[in-house]
Amino acid sequence: MSLIPSRYTVLCISLAGRPGTFGVRFHNHLYEQLGLDFYYKAMRTDDLPAAVAGIRALGIRGCGVSMPYKEACMALVDEIDPSAAAIDSVNTLVNTEGHLKAYNTDYLAVRQLLTQHKVDPATAFALRGSGGMAKAVASALRDAGFGEGMIVARNEQAGRELADVCGYRWLPELGDLCPPMLINVTPVGMAGGPEAQQLAFSEMAIAASERVFDVVAMPAQTPLIKLAEQLGKQVITGLEVIALQALEQFVLYTGIRPTAEQVQAAVTYARQG
């Protein structure tokens with residue numbers, strides 16, 4: 001694929017602590033296939049306020065927001081969509097003539113996946129994490145009717161706050177508990193990170209579970225997903241999450257919804273990066 005930006009090209013970007021290639025390849029593939037004069041580029045920054053001001057000043061159409069910027073962006077925009085306001089976390093910025101509006105398509109993606117995988121709301125779960133993405137996942141579970149859950153987080157203040165908001169229990173560690181669904185919403189297992197080869201949960205907990213959900217998308221086969229599949233568990237992968245949330249971002253940026261076939265082709269292309 002070859003995209004040659006011009007002076008008229010509409011620029012979209014992403015901001016992440018550890019930028020990946022999936023979003024770049026996914027969006028740019030769809031831009032080319034649909035004949036859109038758009039270009040997508042991944043970036044990182046040590047100065048978030050300046051970066052957001054640059055989006056506004058330079059007319060950058062859209063921005064995907066990843067860890068660790070999802071909560072800090074809230075104070076830097078002009079308008080917050082209900083999808084982000086409900087969970088105080090942002091993953092998408094849309095710039096309309098200098099007016100920045102924040103959305104959260106992670107929440108929408110998780111709700112869709114729970115339905116697609118036919119996960120019974122009566123299933124008890126343990127969710128590890130307490131950041132912006134954890135808020136999106138926990139809120140999606142709550143709103144889908146999941147009543148019995150535990151938020152496992154070493155950060156007691158953030159963990160308790162998330163648990164209280166969503167009506168779940170907080171625990172600093174899972175210990176010997178073995179709920180039927182395990183959900184990792186931390187960087188554990190992420191390629192290139194300090195914990196890339198580690199498991200987010202103990203082997204005992206994984207073996208006792210029925211379903212494992214890992215939001216880490218790179219690699220698609222995290223250590224947690226690999227072990228869960230080897231043990232015959234049902235899995236939901238971070239690749240599924242990133243594909244659905246990226247699709248909703250694409251629609252917000254362009255106003256166009258690709259066909260299912262076009263989306264699948266973009267996902268296949270993006271995974272090759």
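Here's a quick rundown of the structure.

Thresholds, definitions, all that
Residues numbered from 1 in each chain as written. Predicted model: local features only at pLDDT ≥ 70, side-chain atom pairs only at ≥ 80, totals over all residues. Heavy atoms only, no water. Helix = DSSP H or I, 4+ residues; strand = E, 2+ residues; numbered from the N terminus. Polar contact = N/O pair within 3.5 Å; in protein donor to acceptor, adjacent residues only side chain to side chain. Contact = heavy atoms within 4.5 Å. Core = buried A, V, L, I, M, F, W, Y, C linked by side-chain atoms within 4.5 Å. Buried < 20%, exposed > 50% of the residue type's maximum accessible area, 1.4 Å probe, protein only.

In this fold, Thr123 is placed in the loop between α4 (105-116) and β7 (125-128). For Thr123, the side chain forms a polar contact with the main-chain oxygen of Asp120, separated by 2.8 Å. Contacts of Thr123, omitting those with residues within four sequence positions, involve Phe146, Glu148, Pro180 and Met181.

In this structure, Phe125, Leu127, Val137, Leu141, Phe146, Ile183 and Val185 are the most contacted members of the largest nonpolar core, which totals 32 residues. If you list the elements that add at least two residues to this core, you get α4, β7, α5 (132-143), α6 (156-166), β10 (181-184) and α9 (238-254). It is α5 that contributes the most residues to this core, seven residues altogether. Discounting chain neighbours no more than four positions away, the residues touching Leu127 are Ala134, Val137, Ala138, Leu141, Met150, Ile151, Val152, Ile183 and Val185. In this structure, Ile242, Ala243, Leu247 and Val263 belong to the second largest nonpolar core, which totals 24 residues.

What follows concerns unusual backbone geometry. Following Met218, the chain continues into Pro219 via a peptide bond in cis, with omega recorded as 5°. Residue placement: Pro219 occurs in the loop between β11 (211-214) and α8 (223-230). Residues other than glycine seldom take positive phi values, yet Asp88 does so here, at roughly 50°. Looking at the element boundaries, Asp88 is found in the loop between α3 (82-85) and β5 (92-96). With a relative accessible area of 44%, Asp88 lands in the partly exposed category. Of note, Lys118 is a non-glycine position whose phi angle comes to about 55°, a positive value. Examined against the element boundaries, Lys118 turns out to sit in the loop between α4 and β7.

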